[in-house]
Amino acid sequence: MIRKYEVMYILDQEVKDTKELSTKLDNIVTEGGKMIKSNDLGLIDFAYEINHKKKGFYRVVIVEATSAAIKEFERVAKIDKNVVRTLVLNTENNKNYEESVELSKTDMTKFEEEQREKKNFRRASFKR
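So, here's what we can say about the structure. Note that the structure is a prediction, hence the values are computed from the model and not measured.

**Thoughts on the pairing of strand β2 (residues 34-50)**
Link 1 in the chain: For β2 and strand β3 (residues 53-66), the ladder comprises 11 bridges, and the chain directions are antiparallel. Paired with Asp40 across the strands is Arg59, a residue of β3.
Link 2 in the chain: Here β2 hands over to β3 after 2 residues, with Asn51 in that stretch at a positive phi of 55°.

**What to know about helix α2 (residues 67-79)**
Link 1 in the chain: An ideal rise of 1.5 Å per residue puts 18 Å on 13 residues; α2 measures up with 19 Å between its terminal C-alpha atoms.
Link 2 in the chain: Among the residues making up α2, those that are buried are Ala69, Ile70, Phe73, Val76 and Ala77. Along the axis of α2, the buried residues cluster in a sector spanning 130°; they form a single face. Opposite the packed face of α2, turned more than 90 degrees from it, sit the exposed residues Ala68, Lys71, Lys78 and Ile79.

**Describing the sheet that holds strand β4 (residues 83-90)**
In sheet architecture, strand pairing relies on hydrogen bonds along the backbone and comes in two forms, parallel and antiparallel.
Link 1 in the chain: Ordered by their spatial adjacency, 4 strands build an open sheet running β2-β3-β1-β4, and the pairing between neighbours is antiparallel. The open sheet has two edge strands with one neighbour each: β2 and β4. Neighbour-to-neighbour, the strand axes of this sheet turn through a mean angle of 20°, independent of strand direction.
Link 2 in the chain: With 7 bridges joining them, strand β1 (residues 2-12) and β4 adopt antiparallel strand pairing. Bridge pairing links Tyr9 to Thr86 in β4.
Link 3 in the chain: Packed on one face of the sheet, helix α1 (residues 18-29) meets β1, β2, β3 and β4 and runs near 155° to β1.
Link 4 in the chain: The strands touched by α2 within the sheet are β1, β3 and β4, with β3 carrying the most contacts at an inclination of about 160°.

**Quick notes on the packing of aromatic side chains**
Link 1 in the chain: Following the criterion strictly, the structure yields 2 aromatic pairs and no others.
Link 2 in the chain: Ring geometry for Tyr9 and Phe73: centres 5.8 Å apart, planes at 50°, overall tilted. A residue pair is termed long-range when its members are at least 10 positions apart, and Tyr9 in strand β1 and Phe73 in helix α2 qualify at 64 residues. Note on accessibility: Tyr9 and Phe73 belong to one class, buried.

**Points about the nonpolar core**
Link 1 in the chain: Counting 18 residues, the largest nonpolar core has Val7, Tyr9, Leu25, Val63 and Phe73 as the members making the most contacts within it.
Link 2 in the chain: Those elements giving two or more residues to this core turn out to be β1, α1, β3 and α2.
Link 3 in the chain: Per element, the largest residue contribution to this core is 5 residues, and it comes from α2.
Link 4 in the chain: Every residue in contact with Leu25, bar those within four places of it in the chain, is listed here: Tyr9, Leu11, Phe73, Val76 and Val83.
Link 5 in the chain: Among the nonpolar cores identified, the runner-up in size contains 5 residues, and Ile10, Ile50, Tyr58 and Val84 belong to it.

Reading the values: rules and limits
- Residues numbered from 1 in each chain as written.
- Predicted model: local features only at pLDDT ≥ 70, side-chain atom pairs only at ≥ 80, totals over all residues.
- Heavy atoms only, no water.
- Pairing = 2+ DSSP bridges.
- Helix = DSSP H or I, 4+ residues; strand = E, 2+ residues; numbered from the N terminus.
- Expected span 1.5 Å × (residues − 1).
- Buried < 20%, exposed > 50% of the residue type's maximum accessible area, 1.4 Å probe, protein only.
- Arc of directions from axis to C-beta.
- Axes fitted to C-alpha atoms, helices over the stretch in contact; angles between N-to-C directions.
- Contact = heavy atoms within 4.5 Å.
- Phe/Tyr/Trp six-rings, centres within 6.5 Å; stacked < 30°, edge-to-face > 60°.
- Core = buried A, V, L, I, M, F, W, Y, C linked by side-chain atoms within 4.5 Å.

Take a look at the structure:
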């Protein structure tokens, strides 16, 4: 059965030919299905070090694929030492899913303002 998935994977920053490796991974995931959208997000800093690395090449792909193709992708990604992380989402199960292959940054200003208002500092009275 063909379902819609969003696949994101991160390649090691020291990979010589990222296009070749990403083409290999894309071909595995689209076997028996089709690619809807894809985007290379480029070299991005990690939030924390992963395997003593600070950066990685990010790629997002939205595909219609079979579960067998997704399992094969996950198997190959675990074996390949140049794949740092993967994330596969079945978008049909997510209720509030918004399809996008662009890098989005959350606007934290409203959140920070709300947090600032909630802080109620009380002065401690010290008894001597």
